[in-house]
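# Chains, contacts and geometry: an overview
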Amino acid sequence: MSAAATEGHRSASELSLVWEPLEIGSTRVKNRIMMTAQTTLLGRDNVLGDRHIEFFRERAKGGAALFITEQQAGHRISKGSFFEGCSAWEKRAIPQYAKLADAVHEHGARQFIQLFGCGVHDKGTMIMDEWHPLWGVSKMPSIVHHEMPMVMEQEHVDDVVKGFAESALNVKVAGCDGVELHAAHSYLLGQFLSPAFNDRTDRYGGSVRNRCQILLEIGEAVRAQVGDAFTVGVRISFDEFMGDAGITPDQSEEQLEVLSTSGLFDFFNISGGGYYTLHRAVSPMNVENGFMLPFASRAKAVVGNRAKVFAVGRILDLHQAERALAAGDTDMVAMTRAQMAEPHLVKKTREGRQKEIRRCMGANECVARLFDNRHVTCAVNPSVGREAKWGSDTLKPVAPEEAKAIVVVGGGIAGMKTAAVAGSRGHRVVLLEREEQLGGHLNLLMALPTRKEWGTAIDNLSRAMDVAGVDVRLGVEATPDAIELEAPDSVVVATGARWDCDGRSQFRPGQLCLPGTEQENVIEVGTATERALVDASALGERVVILEETGFYLPLGLAEILAAGGAEVEIVTPRAMVGEDAMRTLDLSYVMPRLEEAGVRCSGHMNAEKIEGGTVHLRSVWGTRSRVIEGVDTVVISMLRSPDDALYRALEGRVADLHRVGDVVAPRRPIQSMYEGEELGRAL
């Protein structure tokens, strides 16, 4: 069980401060737990979508006191670099905000709307009929989008100020409770605050006070529109983690002194990171829980009683929130991804139902999908974005006389999820797993350096099966005859997949195998990792990993081998090693460790053949060849194949036979989780 899960099983009777109400300007919240803005891309036609409303309704039912929407355009050209970036500036947003306010107010919660501008972190050609030049604080393009901006003149600054004020009025008219000005994470207002973007010499540049000027002007304009009986606050990045090139904590303390002294703002939401350091803004699983709490504490020391302070930073458990409140570090505690994973986190904790809580593991599938411009969902909770279909009130129990006897074979993600959902509906479920532990291939992942939080996913599903009354049998080989002895009405095969060692690759079409992979010194990445975990020197002194997945596993293997003294090179035909790990923001943590350990990473290189201890490579452009000699072990990290022998053997012998997860086709864990939910509801 992970540390976060262990913490979460403590008694709810130890909590008191988290239940206390709080006045935030004109808004009274019922407790101290909230959700900050989390981009979900659930909009429709560039306004807040019905999926958004159901997302927040579900979490309001779950007991949280306050929600802040994902970024909403505060002026006419700030819908963002996403296809469904939402607008607050347009009047047509008001009806959806009204529906949202009603949805959360019904359950005693409060709703703020986050207003933002993109600045350079946008694509001027994203929306077909609204092409525009980007507005930049200075002549500095985005490190992500690379599009050159026009430098804002006074008329553009004035337009932004006017737009934010009009947007805030739209929010108030709709019946929401407040607005947050997004000046964090390198977006437009944050670009004014940051020396990494702001080299202006007018009244908006230079000193910290001048860089705050636009926020003060927006604050005054917003107050002129909405008055004092409406809550207004600011989100900042307390540290951009760039040293003196960006915002430092000392500068943030100066900013907070300027902004809190103005009396315009009721709260300050303290975050960190930006586009140069996104891995710090949305931290993956290797980052310590609550790592930004010291920033909130410093902010509170500056702000005092002039405004409230919100704390963020991978806070996953109400007991940690309680400690932060007791220390005086913050007034409100944001548990954003934690409540994506478990919408009823607050309610279940208060009712002593911690065993039922799904805990966030920091897999960052939410972020990876955001980068793909797709609706965001969650690795451990497939109902995210699908609340109308799969929310807490939608799971239909079966009548006792209709309950089925179901056998699920395989204790990985797909099998456990299917069993838990089917069991919770009232079916009699038996899960058979041939190993002595649950988790399937997650056990291999969680054994890698910094990957132990994959155990949270196993723990979540194990507890869910226990609550659902699933009969879990470990160390059982599920043969067709053994399954038939159970007299099942339905059989679900979730036997997963295995790594291939033949070197077949999408990068070498028409070639069924890589010459030389039949040699004894060539093994696939799963077996290689198992051996390395037992003995880091087991693969020899020189190892080449032929890697085509982009996943974390070969990176973790390389780290283990290098720590054991091996000379390791990862070769990929992709543009870079670890492309998928970059999408989940893990690469920024593991790559420095690999470089320090001497691991060599070679992109745009394709393997041609293996001859003994020699690996022959050729660039994907076909112009350059290279030979690596003296290799002790070659590791193949390419394709996987379904482990479907049992499924094939049961075809024709079982009337109601299903397969789920990687045994259908090897894919990402989030897809197995989805299929388990879907099948568990359908059985």
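Residues numbered from 1 in each chain as written. Predicted model: local features only at pLDDT ≥ 70, side-chain atom pairs only at ≥ 80, totals over all residues. Heavy atoms only, no water.

### Quick look at the state of the cysteines
In total, this model carries zero disulfides according to the counting rule given. No disulfide involves C118; its sulfur sits 12 Å from that of C86, the nearest cysteine. (Disulfide = S-S within 2.5 Å.)

### Side note on the sheet that holds strand β22 (residues 567-571)
One open sheet holds the five strands; their spatial order is β20-β27-β21-β22-β23, and the pairing between them is parallel. On the outer flanks of this sheet lie β20 (522-524) and β23 (600-602), each paired with one strand and no other. In this sheet, neighbouring strand axes are inclined to one another by 20° on average, regardless of whether the strands run parallel or antiparallel. The sheet contact formed by β22 and β23 spans three bridges and is parallel. Paired with V571 across the bridge in β23 is S602. In the packing of helix α20 (residues 525-534) onto the sheet, contacts are made with β20 and β27 (633-637), and the angle to β20 comes to roughly 95°. The strands that helix α21 (residues 553-563) touches are β21 (542-547), β22 and β27; relative to β22, the one it contacts most, it runs at about 165°. (Pairing = 2+ DSSP bridges. Helix = DSSP H or I, 4+ residues; strand = E, 2+ residues; numbered from the N terminus. Axes fitted to C-alpha atoms, helices over the stretch in contact; angles between N-to-C directions. Contact = heavy atoms within 4.5 Å.)

### Some thoughts on the packing of helix α2 (residues 50-61) against helix α3 (residues 94-105)
The geometry of α2 relative to α3 is characterised by a closest axis approach of 8 Å and an angle of 15° between their N-to-C directions. With respect to α3, the axis of α2 lies roughly parallel. Crossing of α2 over α3 shows right-handed handedness. Packed against α2, whose contacting residues are D50, I53, F56, R57 and A60, the element α3 presents Q96, K99, L100, A103 and V104 at the interface. (Parallel < 35°, antiparallel > 145°, perpendicular 65-115°, else oblique. Left-handed = near helix turned anticlockwise from the far one by under 90°.)

### Points about the sheet that holds strand β18 (residues 490-493)
Pairing is parallel across the open sheet formed by five strands, whose spatial order is β17-β16-β15-β18-β29. The strands lining the two open edges of the sheet, one partner per strand, are β17 (471-474) and β29 (657-659). Within this sheet the neighbouring strands show an average axis-to-axis angle of 15°, counted without direction. The pairing of strand β15 (residues 405-409) with β18 spans four bridges and is parallel. Along β18, the bridge assignment pairs V409 with V493. This element, helix α16 (residues 413-424), spans β15, β16 (428-433) and β18 of the sheet and lies at about 165° to β16.

### Describing the pairing of strand β13 (residues 308-311)
As defined by bridge partners, strand β12 (residues 267-271) adjoins β13 across four bridges and the pair is classed as parallel. Pairing of F268 across the sheet is with V309, part of β13. One ladder, built from two bridges, connects β13 with strand β14 (residues 332-334); its direction is parallel. Of the residues in β14, the one forming a bridge with F310 is M332. For the segment spanning β13, helix α11 (residues 318-326) and β14, crossover handedness is right-handed. (Right-handed = clockwise from strand over helix to strand, strands pointing away.)

### Concerning the side chain of Q38
Among the secondary structure elements, Q38 is positioned in the loop between β3 (33-35) and α2. Taking the relative accessible area as the measure of exposure, Q38 reaches 15% and is therefore buried. Each residue touching Q38, except ones within four places of it in the same chain, is listed here: E70, T336, R337, M340 and C366. (Buried < 20%, exposed > 50% of the residue type's maximum accessible area, 1.4 Å probe, protein only.)

### Description of the packing of aromatic side chains
For the coordinates displayed, the defined rule picks out 12 aromatic pairs. Centroid distance F55 to F56: 5.1 Å. Interplanar angle 90°. Geometry classified as edge-to-face. The same class applies to F55 as to F56, namely buried. For the ring pair F56 and F67, a centre distance of 5.7 Å and an interplane angle of 65° mean the geometry is edge-to-face. With F56 in helix α2 and F67 in strand β4 (residues 66-68), this pair connects stretches of sequence that are 11 residues apart. Each member of the pair, F56 together with F67, is buried. An aromatic cluster is built from F55, F56 and F67, whose rings are joined through pairwise contacts. Directly above the aromatic system of Y552 lies the positively charged group of R451, at a separation of 4.0 Å from the ring centroid. (Phe/Tyr/Trp six-rings, centres within 6.5 Å; stacked < 30°, edge-to-face > 60°. Lys NZ or Arg CZ within 6 Å of the ring centre and 35° of its normal.)

### A few points about the environment of R600
For R600, the location among the structural elements is in strand β23. Ignoring sequence-local partners within four residues, the contact set of R600 consists of V568, E569, I570 and R626.

### As for the pattern of salt bridges
In the structure shown here, the tally under the stated rule is 51 salt bridges. Salt-bridge contacts for R306 lead to E257; the nearest nitrogen and oxygen are separated by 3.0 Å. Residue R306 is located in the loop between α10 (293-303) and β13, and its partner E257 is located in helix α8 (residues 249-261); the two are separated by 49 residues in the primary sequence. Judged by its relative accessible area of 37%, E257 is partly exposed. (Salt bridge = Lys/Arg side-chain N within 4 Å of Asp/Glu carboxyl O.)

### Quick look at the packing of α8 against α10
In contact at an axis separation of 9 Å, α8 and α10 are set at 35° when each is read in the N-to-C sense. Between α8 and α10 the crossing geometry is right-handed. Along its contact with α8, which presents P249, D250, E253, L256, E257 and S260, the element α10 presents R298, A299, V302 and V303.

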